[in-house]
Amino acid sequence: MASVHESLYFNPMMTNGVVHVNVFGIKDWVTPYKISVLALLYEMTSSKITLPERRRLNKLILPLQQSSDLSLGQFLKTVGECCPDTAYSVKIRLHEMVDGELRDMEYFFSTLPIPFTAFDSEAYKTSVVGLFMRHMLLAYNKLSFSQVYKLYKSLQHYYHSNYSKPTEGQVGLMALAVDESDMDHTDTEDTVGDRLDREEGHNSLDEHENTPSRGPLSQKQAEYFLARQAYLLKNDENKALKPALLQEELNNMLRFNPDFAEAHYLNYLNSIRVQDIFLSAHSLLHYFDRLILSGNDGKSNGEEGYGRNLRYATLNLASLHCRFGHYLQAGLVLQEAIRIAQESNDHVCLQHCLSWLYTLEQMKGCDSTVLTEDSVKMAVHFCLPYLASLGIQSLVQQGTTQGKTAHKLMDALKDTDILHWKHSLSELIEISLAQTTSIWRMYGKSTMALQQAQLLLHMSSLEPVNYGVQQNNTEAFAVALCHLAELHAEQGLYGAVSDILQHLKDQFPAHTQHAKLWMLCDLKIQFERHMIEAKYNSAEQLVTSISALNKTEGLYRKVQVLKVLNRTTEAYSILQRLQVHCEKTKCTETIIRVLLSTAELHWESSGFSTALPLLFQALALARQHHLQSLASETLLHLTFTQLMLGVPEQALLVLHEAIEPVLAHGALVDKGRALLLAARCQMAVAEFRPNRQGQPADSHVAVLAVDMLHEAAAYFTKLNCKLHLREVHYLQAQLYHSLGQIPQRNKSALLFRLLDQELQSPAPPLSMRL
């Protein structure tokens, strides 16, 4: 890091393309803030500074030069965080100028080149620092005497305004200093730092340099502002300006230069943040209009110029319609982009079009496997690793719904990961880890899913992340955090769930693109918790909110509420519609859950034999698609059905197949249900009858069942699942009675009675519930 930042002084080539003297509306003039920066550079060159402090200051130089003007207090605070002694020296030097006479400022500018021209100077005249100093000296030397006087008065006001409110005389000086009729200075008094202090109360350089001043900006200030905001929108949206404030600054910028294409593009990105389809499309079209008009090459079949800009403008418009769900318009615009790209023989643009084409087919719920495979082959042929990896990841996602085995999918992701690391495609590495997390979660391997999610959250980005930004506001991070929240909720760790969801809310505010992920995750966790705690009215209130975010999930949750409220006919009707819809969209997981719910409805009418075909169908689907968690849940349903049909021996054999993965990877409620069911099967196999007290034949089975029920009670207690706890205490009381353990029997009976009175609802027959 030292060599990079020290090159601001040593390496003349670092300045190529970095420091510009072009203008954006006006020239770069000397301002009081820039005099403060010059004083800092002077002190850094002429005084002794420790190496760590010099490195910190070197990292600060370029942002200070390129950012808009800061107030003196903000400037000194920022410098003081890197080197307090240097900040004090800068303050003293400014104090000598403003409390002296005009000749003191003249003397400073006359002695300014001395440290930079010394034989042993660390700063070359062609370095970033040297160019900035020469640029400011040239601008200062061109000032007339009256302009120098006004600059001095402006410097005095700049200095004194940091320590006291301006008097009437100082207000007059301020008005004199910013009078542009005689001197073309920019307005440095209403700086971005002052505005942000009033609006948000922050005072670090990282926040003040976000926004330019109200007046016209220099070319480099405008470019720096746009580049920074675009970078923050991509990597950490929370550190970017608020949408309204950014829109205001962009409007101010475009007022001085309406043909600034990059400002229109940032306006497009800002409009997408707030889901403004009209303004985003308007800004995107303006961006490409300005880009085409400013192009030097007018040939439509060249690599640059009108034709290339037109092709990518059309492609971006198609992606915008895809983003807002306008599939018909997106398809028409995409066809136009493909036609233009074919006419121009632009293979790269055609590959991007093909990638969007299979993405559009997936969004519409169609099978796009053939298109995706063709896209991957062509991307490899034209050496486009990014598009090839995206295609493979899309094929893996489709493979999960088509019953592909886990090892084939993981091998494909492993091959793409090699490509990602080779080309430093950090964004695709994050997507790959998030996708792996989702695959393991779908297969029911919660431990592996947890490991992959933690690996993603602790991964260092391969990109040179500047400005203290961590690349953690992408969709991959949102998906990983949502999985972590759900995994913690399954284990009853609701405190950790609350912390994770709060982090998601802070990182992805409600107006952002990926906020729907944590909103749906939060609602599902609340719903499951209410259902476990038998708060059915509260759960029913969440169904509407879930349906607004995901209609399929909302219908499934509505069925669960209707079942417990004994509205069987309505629940069955919704299940039939839901099954038809999921078969069309090939949503296998939901199909299996629908079959299990339908089987539970048959239990309500004691139709255990009619539930068996549904359970066998669900088990076949789960095994075909390698969905271990759903297969285990289906086996628990089969076990309960066989127990109710009077074949406990067979039920116990089936349960032995399911209980190991449930205890290893299942949620706490599933573990408790499995142990409760195992205890009941053991009692049924031993032909246990509760009215026989102290029978030796039943003692071993009873002790084993008591242990299972005790462990199940621990799980249900952690989840506050009083409905199941009531059943556990009821069975425990019977078992303790048969073992002759009267105190334990009385304790369990008392706990059962207290829970029964608290729930204020009759316990349903054991034959009606798993």
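Residues numbered from 1 in each chain as written. Predicted model: local features only at pLDDT ≥ 70, side-chain atom pairs only at ≥ 80, totals over all residues. Heavy atoms only, no water.

So, the overall build of the chain
Item 1. A tally of helices and strands in the chain yields 38 helices and 0 strands.
Item 2. Split into buried and exposed, the 770 residues of the chain put 51% on the buried side.
Item 3. Pairs at least 24 residues apart make up 67% of the contacts formed inside the chain by residues separated by at least 6 positions.
Item 4. For the chain, the exposed area adds up to about 35700 Å²; of that, 55% sits on carbon and sulfur atoms. (Helix = DSSP H or I, 4+ residues; strand = E, 2+ residues; numbered from the N terminus. Buried < 20%, exposed > 50% of the residue type's maximum accessible area, 1.4 Å probe, protein only. Contact = heavy atoms within 4.5 Å. Areas by Shrake-Rupley, 256 points an atom, 1.4 Å probe, with all protein chains shown as cover.)

Concerning the confidence of the model for the chain
Item 1. Mean pLDDT over the chain stands at 79; residues scoring 70 or higher make up 81%.
Item 2. Scored below 50 in pLDDT, residues 1-28 shows 54 contacts in the model against residues more than four places distant or in partner chains.
Item 3. Contacts from residues 693-697, a stretch scored under 50 in pLDDT, to residues over four places away or in other chains number 7 contacts. (pLDDT = per-residue confidence, 0-100.)

Some remarks on helix α30 (residues 568-585)
Item 1. In a regular helix each residue adds 1.5 Å, so 18 residues correspond to 26 Å; α30 covers 26 Å between its end C-alpha atoms and thus fits that length.
Item 2. For α30, the full list of buried residues reads Ala571, Ile574, Leu575, Leu578, Gln579 and Cys582. In an axial view of α30, the angular spread of the buried residues amounts to 145 degrees, which keeps them on one side of the axis. Exposed side of α30, more than 90 degrees from the buried face: Thr569 and Lys584 are the residues found there. (Expected span 1.5 Å × (residues − 1). Arc of directions from axis to C-beta.)

Quick look at the packing of helix α14 (residues 243-256) against helix α15 (residues 261-273)
Item 1. One way to put it is that α14 packs onto α15 with a least axis distance of 10 Å and a crossing angle of 160 degrees. Taken together, the axes of α14 and α15 lie roughly antiparallel to each other. Every pair of crossing elements has a handedness; the one defined by α14 and α15 is left-handed. Note on element contacts: α15 touches α14 through Ala263, His264, Leu266, Asn267, Asn270, Ser271 and Arg273, opposite Pro243, Leu246, Gln247, Leu250, Met253 and Leu254.
Item 2. Its residues assigned to classes, the contact of α14 with α15 shows 7 nonpolar, 5 polar and 1 charged. (Axes fitted to C-alpha atoms, helices over the stretch in contact; angles between N-to-C directions. Parallel < 35°, antiparallel > 145°, perpendicular 65-115°, else oblique. Left-handed = near helix turned anticlockwise from the far one by under 90°. Nonpolar A, V, L, I, M, F, W, Y, C, P; charged D, E, K, R; others polar.)

Digging into the nonpolar core
Item 1. Of all hydrophobic cores here, the largest spans 105 residues; its most connected members are Leu504 and Ile592.
Item 2. Setting aside its immediate chain neighbours within four residues, Ile592 contacts Ala618, Leu621, Ala622, Leu627, Leu630 and Thr634.
Item 3. Among the nonpolar cores identified, the runner-up in size contains 46 residues, and Leu41, Tyr42, Ile61 and Val90 belong to it. (Core = buried A, V, L, I, M, F, W, Y, C linked by side-chain atoms within 4.5 Å.)

Description of unusual backbone geometry
Item 1. Phi at Ser424 takes a positive value of approximately 55 degrees, unusual for a residue other than glycine.
Item 2. One can find Ser424 in the loop between α22 (406-423) and α23 (426-443).
Item 3. Note on Ser424: relative accessible area 43%, which makes it partly exposed.
Item 4. Even without being glycine, Ser606 reaches a positive phi, approximately 60 degrees.
Item 5. Checked against the element boundaries, Ser606 lands in the loop between α31 (588-604) and α32 (608-624).
Item 6. Overall, Ser606 belongs to the partly exposed group, its relative accessible area being 47%.

A word on the pattern of salt bridges
Item 1. In this structure the tally under the stated criterion is 23 salt bridges.
Item 2. Salt-bridge contacts for Glu81 lead to Lys77; the nearest nitrogen and oxygen are separated by 2.8 Å. Of this pair, Glu81 and Lys77 are both found in helix α4 (residues 72-82), 4 residues apart, which corresponds to roughly one turn of the helix.
Item 3. Taking the shortest distance from any N to any O, the salt bridge between Glu101 and Arg103 comes out at 3.3 Å.
Item 4. Using a relative accessible area of 61% as the deciding quantity, one classes Arg103 as exposed.
Item 5. Linked through salt bridges whose partners overlap, the residues forming this network are Arg441, Glu486, Glu490 and Lys524. (Salt bridge = Lys/Arg side-chain N within 4 Å of Asp/Glu carboxyl O.)

Thoughts on the packing of aromatic side chains
Item 1. Throughout the structure, instances matching the rule amount to 9 aromatic pairs.
Item 2. Between Tyr730 and Phe752, the ring centres sit 5.6 Å apart and the planes meet at 45 degrees, which makes this aromatic pair tilted. With a gap of 22 residues between them, Tyr730 in helix α37 (residues 722-739) and Phe752 in helix α38 (residues 742-759) connect regions that are remote in the sequence.
Item 3. An aromatic cluster of three or more residues is present, and its members are Tyr265, Tyr268, Tyr287 and Phe288.
Item 4. Arg529 extends its terminal NZ or CZ atom over the ring of Tyr494, reaching a point 4.0 Å from the ring centre. (Phe/Tyr/Trp six-rings, centres within 6.5 Å; stacked < 30°, edge-to-face > 60°. Lys NZ or Arg CZ within 6 Å of the ring centre and 35° of its normal.)

Topic: the side chain of Arg311
Item 1. Take Arg311: it is sitting in helix α17 (residues 306-323).
Item 2. Separated by 2.9 Å, the side chains of Arg311 and Asp346 make a polar contact. (Polar contact = N/O pair within 3.5 Å; in protein donor to acceptor, adjacent residues only side chain to side chain.)

What about a nonpolar patch on the surface?
Item 1. Taken together, the side chains of Leu750, Leu751 and Leu754 define a hydrophobic patch exposed on the protein surface, amounting to about 260 Å² of accessible area.
Item 2. The residue Leu750 is located in helix α38 in this model. (Patch = residues over 30% accessible without salt bridge, like charges linked within 9 Å, V, L, I, M, F, W, Y side chains within 5 Å.)

Regarding the packing of α32 against helix α33 (residues 628-644)
Item 1. Packing of α32 against α33 brings their axes to within 9 Å, and their N-to-C directions diverge by 160 degrees. As far as their axial angle goes, α33 and α32 are roughly antiparallel. Our pair here, α32 against α33, has a crossing hand that is left-handed. Residues Phe608, Leu612, Leu615, Phe616, Ala618, Leu619, Ala622 and Arg623 of α32 form the contact with α33, whose own contacting residues are Leu630, Ala631, Thr634, Leu635, His637, Leu638, Phe640, Thr641 and Met644.
Item 2. Considered class by class, the residues forming the contact of α32 with α33 number 13 nonpolar, 3 polar and 1 charged.

Remarks on the state of the cysteines
Item 1. Inspection of every chain in the model, using the stated rule, returns 0 disulfides.
Item 2. No disulfide involves Cys82; its sulfur sits 8.2 Å from that of Cys83, the nearest cysteine.
Item 3. For Cys82, a relative accessible area of 11% puts it in the buried group. (Disulfide = S-S within 2.5 Å.)

Things to note about the environment of Asp85
Item 1. Here Asp85 shows up in helix α5 (residues 84-98).
Item 2. For Asp85, a relative accessible area of 58% translates into the label exposed.
Item 3. For the pair Asp85 and Ile49, spaced 36 residues apart in the sequence, the C-alpha separation amounts to 8.7 Å.

Concerning the environment of Cys587
Item 1. Among the structural elements, Cys587 can be located in the loop between α30 and α31.
Item 2. Put simply, Cys587 and Thr401 are 186 residues apart on the chain and 7.1 Å apart in space, counted from C-alpha to C-alpha.

Here we look at the environment of Asn58
Item 1. Positionally, Asn58 belongs in helix α3 (residues 51-66).
Item 2. Taking the C-alpha atoms as reference points, Asn58 and Val129, separated by 71 residues in sequence, lie 9.8 Å from one another.

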